[in-house]
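# Structural characterization, general
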Amino acid sequence: MRIAVTGSIATDHLMTFPGRFSDQLVADQLHTVSLSFLVDQLDVRRGGVAANIAFGMGQLGTRPVLVGAAGSDFDEYRAWLERHGVDTDSVRISETLHTARFVCTTDSDHNQIGSFYTGAMSEARLIELKTVADRIGGLDLVSIGADDPEAMLRHTEECRTRSIPFAADFSQQIARMDGDEIRILLDGATYLFSNEYEKGLIETKTGWSDEEILSRVGHRVTTLGARGVRIERRGGETIEVGVPDEERRADPTGVGDAFRAGFLSGLAWGVSLERAAQIGCMLATLVIETVGTQEYQLQRVHFMERFTKTYGDDAATEVHAHLG
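A brief structural summary. (Residues numbered from 1 in each chain as written. Predicted model: local features only at pLDDT ≥ 70, side-chain atom pairs only at ≥ 80, totals over all residues. Heavy atoms only, no water.)

This next bit is on the layout of surface pockets. A volume near 1,000 Å³ is recorded for the largest pocket. For the largest pocket, the lining is made up of 42 residues, of which Pro 252, Gly 254, Val 255, Gly 256 and Asp 257 are closest to its centre. When residues of the lining of the largest pocket are traced back to their parent elements, those giving at least two are β2 (10-16), α1 (49-59), α8 (255-269) and α9 (273-288). Split by residue class, the lining of the largest pocket holds 16 nonpolar, 18 polar and eight charged. Empty space within the second largest pocket amounts to approximately 420 Å³. Leu 14, Arg 45, Thr 106, Gln 112 and Asp 251 are, among the 20 residues lining the second largest pocket, the residues nearest its centre. Only β2, β3 (41-47) and β6 (100-106) provide two or more residues apiece to the lining of the second largest pocket. For the lining of the second largest pocket, a count of residues per class yields six nonpolar, eight polar and six charged. (1 Å grid on protein atoms, 1.4 Å probe; cavity = no way out; pocket = protein on both sides within 12 Å on 5 of 7 lines; lining within 4 Å. Points joined across faces, edges and corners; volume = space filled by probe spheres on them. Helix = DSSP H or I, 4+ residues; strand = E, 2+ residues; numbered from the N terminus. Nonpolar A, V, L, I, M, F, W, Y, C, P; charged D, E, K, R; others polar.)

Quick look at the packing of helix α5 (residues 179-186) against helix α6 (residues 196-206) now. Put simply, α5 and α6 touch, their axes get as near as 8 Å, and they point 115 degrees apart. As summarised for this structure, α5 and α6 are arranged roughly perpendicular, according to the angle between their axes. The two elements α5 and α6 cross, and the hand of that crossing is left-handed. Contacts between α5 and α6 involve Gly 179, Ile 182, Arg 183 and Leu 186 from the former and Ile 202, Lys 205 and Thr 206 from the latter. (Axes fitted to C-alpha atoms, helices over the stretch in contact; angles between N-to-C directions. Parallel < 35°, antiparallel > 145°, perpendicular 65-115°, else oblique. Left-handed = near helix turned anticlockwise from the far one by under 90°. Contact = heavy atoms within 4.5 Å.)

Structurally, Asn 52 is set in helix α1. Given a relative accessible area of 7%, Asn 52 falls into the buried group. Among the polar contacts listed, one links the side chain of Asn 52 to the side chain of Gln 294, at a separation of 2.9 Å. Sequence-distant contacts of Asn 52, defined by excluding residues within four places in its chain, comprise Arg 46, Gly 47, Asp 257, Thr 293 and Gln 294. (Buried < 20%, exposed > 50% of the residue type's maximum accessible area, 1.4 Å probe, protein only. Polar contact = N/O pair within 3.5 Å; in protein donor to acceptor, adjacent residues only side chain to side chain.)

A word on the packing of aromatic side chains. Enumeration over the complete set of coordinates arrives at 11 aromatic pairs. An angle of 80 degrees between the planes, with centres 5.8 Å apart, marks the rings of Tyr 191 and Phe 263 as edge-to-face. Separated by 72 residues along the polypeptide, Tyr 191 in strand β10 (residues 191-195) and Phe 263 in helix α8 bring together distant segments of the chain. The same class applies to Tyr 191 as to Phe 263, namely buried. One cation-aromatic arrangement involves Arg 46 over Trp 80; the distance from NZ or CZ to the ring centre is 3.8 Å. The ring centre of Trp 208 lies 4.0 Å from the NZ or CZ of Arg 216, which sits over that ring. (Phe/Tyr/Trp six-rings, centres within 6.5 Å; stacked < 30°, edge-to-face > 60°. Lys NZ or Arg CZ within 6 Å of the ring centre and 35° of its normal.)

Positionally, Val 229 belongs in strand β12 (residues 229-233). What makes Val 229 buried here is its relative accessible area of 1%. Taking the C-alpha atoms as reference points, Val 229 and Val 241, 12 residues apart in sequence, are found 5.4 Å from one another. Not counting residues up to four positions away in its chain, the partners in contact with Val 229 are Val 221, Thr 222, Thr 223, Leu 224, Ile 239, Glu 240, Val 241, Phe 259, Ala 277 and Cys 281.

Moving on, we come to the sheet that holds β3. Strand order in the open sheet made by the four strands is β3-β2-β6-β7, with mixed pairing throughout. The open sheet has two free edges, formed respectively by β3 and β7 (112-117), since each of these has just one partner strand. Averaged over all adjacent pairs, the angle separating strand axes in this sheet is 15 degrees, with direction ignored. Relative to β3, β2 runs antiparallel, the two sharing seven bridges. Considered in β3, the bridge of Met 15 is made with Leu 42. (Pairing = 2+ DSSP bridges.)

So this is what it looks like as structure tokens:
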């Protein structure tokens, strides 16, 4: 099964300030703030929802096609993704803009000051999916993740026009989208991904009930945090899957992306929806135990031991046949 993953590609520059921001602010001078902070730690991490999902799928051996826009500074990131099983030949490289970047400083009270530079992400709207499909011999599913809003709309319309099944996955972009845009992006999707809060926001902004939305998509996949995931199907029974026990909780960033990577890999393998959700939950657990969205290691023996403990021998035998 040939799956393309569209969405943001970015790097995160995360700094730590050992003091408190509040100690540096003068109450009667807030209208003219001019401050710099001497930080004592800098972490540069790879990120972006599409890159995170593609990385996870690559770890599982399903060779996803990453579709998005980056800058000329993408070479090192590209090499990393290719080394971890991701097809990056459909990434557009901007001639003038840098790869999208999030720069954030956190103080000792865990307050944050951050900025997001969209950069080359704005050129994702220039990517045509037909070119991607022609290069690899067709597309069986396109996951349309958070990206330049015009790109998300273009990719959705092209999937409809060319009868390519697609997954709608707005995540961070829901906040800036209005109801009309969300209706366009979800209508006709084979899969609609969201967490519980986003689920409610989608219903509020579209004015559509849960039942109305489910009538317009094939499957509604809602992540429930520590309670796992719920999959509702039009005309079918609801599936609920729990999560494995955590060995530790290090960083929740990227957990949703990891679930999607596991779920989409399960679809690529042709396993059941329940089994795909179990794979997603197992991969998400590995991410929450690691600092960084692409810093975890998928050690297959360890993965299968924990998967077996949570979901049983029959499930493990089926997954092991694909994971190896």
